[in-house]
Amino acid sequence: MKEQHFTIKSHFYNEDRFLVTNTLFAVIDGATGLTDENTFNKASKASKLAGFVKSQLANYKGTDIIDFLHSLSILAFEKGHTKDCSCGISIVKVNEKTVELYCLGDCPILYQNKNGEVHTFTQTKLPKLDKIALNQMMDYAKANNISIKKARKYIDHTLKKHRALLNTPDGYWVFAPSEKPNFTVDTITIEKEQLKSIIVCSDGFAQCYNKLNIFENEKQLFESQLSVKDICLKVQRISKADKDYNLYPRFKLFDDTTVIKLDF
């Protein structure tokens, strides 16, 4: 099995993390509550939580991963991580004959079978809420003849409302510190002999095929001869060139971008 990975931070700190071991591969995407608490050169709560999750996953001993994540949520709460930050987590566990995929939040896992079929495994609740807020932002920009970037602050109330729905039946699932964790982790198991490649990434990287038109779809991403590093750098370059967010409507100029690719 061949493995490659890369990450680019969008601030002094990185709210993404990745873990690569012999059998466990994970991408962690932190999200802090929508406040102005962060100061220059000071890591956000989400960055600290993502780092904590990575350090604990590095000590994973082969227990049930879903139980492990629920126990980790309690531990994070006990260690002082607050409920106003959270993480999307996607994990690939490679066994002798099978590969287990785990998804909590909106970090996609893409996999290509040896017959060429490409599939996306992710939770879709948060992206649907983000789509509502993005449409509001675009409508406001058009109605008031301003850039998408300038319209961002006018939909802040919607983003805060949606963020508050974490780990509720009408909201979305995500990893968050809690004394009584109730999030749902989706999982599937695939026969290893069926797999050609797997990509596990943060939503910042996913923009290469669902936002920035670098690739038309997930299948084209798998067919690309570019390294994951080159793709990340291209995501960064295209994002930063669209300074007003008008060409590619989104919530921020450039998001932390992280990816792991496995070729079997």
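Residues numbered from 1 in each chain as written. Predicted model: local features only at pLDDT ≥ 70, side-chain atom pairs only at ≥ 80, totals over all residues. Heavy atoms only, no water.

Visitor: Give a description of the pattern of salt bridges that names residues and reports values.
Guide: Under the counting rule described, the total for this entry stands at eight salt bridges. A single network of salt bridges, built from pairs that share partners, joins Arg 152, Asp 156 and Lys 160. (Salt bridge = Lys/Arg side-chain N within 4 Å of Asp/Glu carboxyl O.)

Visitor: Give a detailed account of the packing of aromatic side chains, specifying residues and quantitative values.
Guide: In the structure shown here, the tally under the stated rule is three aromatic pairs. The interplanar angle of 90 degrees and the centroid separation of 5.5 Å between the aromatic rings of Tyr 60 and Phe 68 together place this pair among those described as edge-to-face. For the pair Tyr 60 and Phe 68, one class covers both residues: buried. Positioned over the ring face of Phe 12 is Lys 9, at 5.5 Å from the centre of the ring. (Phe/Tyr/Trp six-rings, centres within 6.5 Å; stacked < 30°, edge-to-face > 60°. Buried < 20%, exposed > 50% of the residue type's maximum accessible area, 1.4 Å probe, protein only. Lys NZ or Arg CZ within 6 Å of the ring centre and 35° of its normal.)

Visitor: Could you give an account of the sheet that holds strand 10 (residues 257–263), naming the residues involved and the relevant values?
Guide: Strand order across the open sheet formed by five strands is 1-10-9-6-7, with antiparallel pairing between neighbours. On the outer flanks of this sheet lie strand 1 (2–8) and strand 7 (118–121), each paired with one strand and no other. Here the average twist between neighbouring strands, direction ignored, is 15 degrees. Bridge count for strand 9 (residues 195–201) against strand 10 is five bridges, and the pairing is antiparallel. Its bridge partner lying in strand 10, Cys 201 is registered against Val 259. Of the strands in this sheet, strand 1 and strand 10 are in contact with helix 8 (residues 228–241), which crosses strand 1 at around 20 degrees. (Pairing = 2+ DSSP bridges. Helix = DSSP H or I, 4+ residues; strand = E, 2+ residues; numbered from the N terminus. Axes fitted to C-alpha atoms, helices over the stretch in contact; angles between N-to-C directions. Contact = heavy atoms within 4.5 Å.)

Visitor: Quick rundown of the layout of surface pockets? Include the residues and the values.
Guide: Approximately 240 Å³ is the volume found for the second largest pocket. Together, 17 residues line the second largest pocket, and Phe 222, Ser 224, Leu 226, Lys 261 and Asp 263 are the ones closest to its centre. Of all elements in the fold, only strand 1, strand 9, helix 7 (218–223), helix 8 and strand 10 reach the threshold of two or more residues within the lining of the second largest pocket. (1 Å grid on protein atoms, 1.4 Å probe; cavity = no way out; pocket = protein on both sides within 12 Å on 5 of 7 lines; lining within 4 Å. Points joined across faces, edges and corners; volume = space filled by probe spheres on them.)

Visitor: With reference to specific residues and values, describe the state of the cysteines.
Guide: Across all of its chains, the model carries zero disulfides by this definition. In this structure Cys 85 is a free cysteine whose sulfur lies 6.9 Å from that of Cys 87, the closest cysteine sulfur available. Lacking any disulfide linkage, Cys 201 is separated from the closest cysteine sulfur, that of Cys 208, by 7.0 Å. (Disulfide = S-S within 2.5 Å.)

Visitor: So, the environment of Val 185: which residues are in play, and what are the values?
Guide: Structurally, Val 185 is set in the loop between helix 5 (156–163) and strand 8 (186–191). Using a relative accessible area of 9% as the deciding quantity, one classes Val 185 as buried. In this structure the C-alpha to C-alpha distance between Val 185 and Asn 59, which are 126 residues apart in sequence, comes to 20 Å. Sequence-distant contacts of Val 185, defined by excluding residues within four places in its chain, comprise Ile 66, Leu 69, Tyr 102, Cys 103, Leu 104 and Gln 123.

Visitor: Help me get a handle on the nonpolar core, residues and values and all.
Guide: One finds Leu 49, Val 53, Leu 57, Leu 69, Ile 89, Ile 91 and Phe 175 to be the most contacted residues of the largest nonpolar core, which totals 25 residues. Among the secondary structure elements, those contributing two or more residues to this core are strand 3 (24–32), helix 1 (45–57), helix 2 (65–78), strand 4 (85–94) and strand 5 (98–104). Filtering out sequence-adjacent residues up to four positions away, Val 53 remains in contact with Ile 28, Leu 72, Ile 89 and Phe 175. Ile 8, Cys 208, Phe 215 and Val 228 belong to the second largest nonpolar core, which has 20 residues in total. (Core = buried A, V, L, I, M, F, W, Y, C linked by side-chain atoms within 4.5 Å.)

Treat this as a map of the structure, not an account of what it does.
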